[in-house]
Amino acid sequence: MKIGEIELGQVPLFLAPMEDVTYKSFRYMCKKYGADVMYTEFVSSDALARNVKKTRHKMTLFDFDRPVAIQIYGHDPEAMVIAAKVAEEAGPDFIDINFGCPVKKIVRRGAGAAMLLDLPGMQKMAEAIVKAVSLPVTAKTRLGWDQEHKNVHEAALRLQDAGISALAIHGRTRDQFYSGDADWTLIGEVKNDPRIVMPIIGNGDIKGPVRAAELLRQTGVDGLMIGRPSIGRPWIFREIRHYFSTGEILPPPSVTEVVENVREQLHLSIEWKDDERRGILQMRRHLARYFPHLPDFREIRTGLLRAETIAAVEEYLVKIIDRYQGMHVDYTDVSLN
Ligand SMILES: Cc1cc2nc3c(=O)[nH]c(=O)nc-3n(C[C@H](O)[C@H](O)[C@H](O)COP(=O)(O)O)c2cc1C
């Protein structure tokens, strides 16, 4: 598939944008394991207009990231146009608009998934942004606001008319937040509508290679986007790609390999945060996910999540190797929430 003139190959794997997750060190790990396309965490158009340092910092991109998008959100079309231009200056390969965030404080202000309640407004905003920048503009949204208002099909047609270059669809409504199972039926319907020519990227609960292949077969989407399943398992991209090209399931990583991976990500977090404690805090969400299903792990897990120095984390990592050496980490049926 292509986004604008960017050739992404067959069924590219996208790392989903995730606030407080898809920062530099995690993007680096996912890229290392085969993510084809990545996004920054979303950035607020209002915060960009106010030149908030932390928001600008989120837009810092690196060579390893490419192709990469900066994702913006907001409710005011003018502010969004300005934000898109500022984002363009940061040098991404494309710009993505968030029309899917379910969080109350964002939808209350008419942004994110709230745009699904006003499709003409969504279309106008997208059109204005497409006109204002020279990079391709993509969008990411959900099935609709709630079960009674699943209007993603109309949204897709309108966004295509607005000049959007690709659309990612998360198979949940806004009122589901992250609960229940993602439903890919409508994603398939949109993809298979002959009027839709822009690439469609499917998203939601791609928990492993077999599921990825099933969803691809079911819907024929152009690309697959993976969010939560990659947390604590950045090699999921390699696992999926390997399965697609060989039909074989890669063996799960050994505990020692996972520990090595944690060390690498932790050191990158600390180096790039330029602060030991903040780098470790940033890692906690990942540490909580790296060792699912290990027997009698509770005490180590608690210690690991409380550690505030590299030395303390290292002490627990050594304990993990001592106790579980030779075992593999099993990611089947890991809860995503
Ligand atoms: C912690 C977290 C932060 C997220 N932040 C964003 C975001 O900034 N922008 C966005 O479009 N979606 C965001 N999402 C939604 C994900 O991109 C994705 O659509 C969702 O998690 C479903 O995919 P998954 O089942 O692969 O996780 C976030 C999800 C999580 C769990």
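Criteria and cut-off values
Residues numbered from 1 in each chain as written. Predicted model: local features only at pLDDT ≥ 70, side-chain atom pairs only at ≥ 80, totals over all residues. Near = placed C-beta within 6 Å. Nonpolar A, V, L, I, M, F, W, Y, C, P; charged D, E, K, R; others polar. Buried ≥ 20, exposed ≤ 12 C-beta atoms within 10 Å, placed from the backbone. Helix = DSSP H or I, 4+ residues; strand = E, 2+ residues; numbered from the N terminus. Pairing = 2+ DSSP bridges. Right-handed = clockwise from strand over helix to strand, strands pointing away. Core = buried A, V, L, I, M, F, W, Y, C linked by C-beta atoms within 7 Å. Domains from an automatic or database assignment. Contact = placed C-beta atoms within 7 Å.

> I would appreciate a short explanation of the site of the ligand in the present structure.
With respect to spatial proximity, 22 residues lie near the ligand, and among them Ala16, Met18, Phe42, Gly227 and Arg228 are the closest. The class makeup of the residues in the shell around the ligand is 10 nonpolar, seven polar and five charged.

> Teacher, can you tell me more about the pairing of strand S7 (residues 94-99) here?
With six of six residues buried, S7 lies mostly within the body of the structure. Residues Phe94, Asp96 and Asn98 point to one face of S7 and Ile95, Ile97 and Phe99 to the other, with burial holding for every one of them. One ladder, built from four bridges, connects strand S6 (residues 68-73) with S7; its direction is parallel. If you follow glutamine 71 over to S7, its bridge partner there is aspartate 96. The parallel pair S6 and S7, bridged by helix H4 (residues 77-89), forms a crossover whose chirality is right-handed. Judged from the five bridges that link them, S7 and strand S8 (residues 137-144) form a sheet pairing that is parallel. The residue of S8 that forms the bridge with isoleucine 97 is alanine 139.

> Would you explain the nonpolar core in this entry?
Where a protein is soluble and globular, its nonpolar side chains tend to be buried together. By size, the foremost hydrophobic cluster in this structure holds 74 residues, and its most contacted members are Ile72, Ala126 and Leu167. Counting 18 residues, the second largest nonpolar core, distinct from the first, contains Leu266, Ile270, Val313 and Val329.

> Explain unusual backbone geometry here, please?
Among all residues save glycine, negative phi is the norm, and among peptide bonds the norm is trans. Here arginine 66 and proline 67 are connected by a cis peptide whose omega angle stands at -10 degrees. Assignment of secondary structure puts proline 67 in the loop between helix H3 (53-58) and S6. Positive phi values are uncommon outside glycine, yet aspartate 20 reaches one of about 65 degrees. Along the chain, aspartate 20 falls in the loop between strand S3 (13-15) and helix H1 (24-32). Of note, the phi angle at asparagine 51 is positive, near 60 degrees, even though the residue is not glycine. Of note, asparagine 51 is situated in the loop between helix H2 (45-49) and H3. Judged by the 9 C-beta atoms lying within 10 Å of it, asparagine 51 is exposed.

> When you look at the pairing of strand S11 (residues 223-226) in this model, what are you seeing that I'm missing?
Both faces of the sheet carry side chains from a regular strand, because those side chains alternate between them. Along S11, one buried face is formed by Gly223 and Met225 and the opposite face, lined by Leu224 and Ile226, is buried too. Pairing geometry for S3 and S11, over three bridges, is parallel. Looking across to S11, one finds that leucine 13 is bridged to leucine 224. Two strands pair when backbone bridges link them, and strand S10 (residues 200-203) and S11 are joined in this way by three bridges, in the parallel orientation. Across the sheet, residue asparagine 203 finds its bridge partner in S11, namely methionine 225. Following the backbone out of S10, through helix H9 (residues 209-219) and into the adjacent parallel S11, one traces a crossover that is right-handed.

> Even after reading the chapter, I still don't get the domain arrangement of the chain, so can you show me in this structure?
When the parts of a complex come together, some accessible area is lost, and that lost area is often used as the size of the interface. Domain parsing of the chain yields domain 1 (8-243) and domain 2 (255-324). Using only C-alpha atoms to locate each centre, domain 1 and domain 2 end up separated by 29 Å. Facing the eight residues of domain 1 at the interface are eight residues of domain 2. Grouping the constituent residues of the side of domain 1 that touches domain 2 by class yields five nonpolar, two polar and one charged.

> Can you help me understand the environment of aspartate 65 in this one?
Mapped onto the elements of the fold, aspartate 65 is located in the loop between H3 and S6. For aspartate 65, a count of 21 C-beta atoms within 10 Å translates into the label buried. Distance from aspartate 65 to valine 37, taken between C-alpha atoms, is 7.8 Å for residues 28 residues apart in sequence. Among all residues touching aspartate 65, those that are not within four sequence positions of it are Arg27, Lys31 and Met38.

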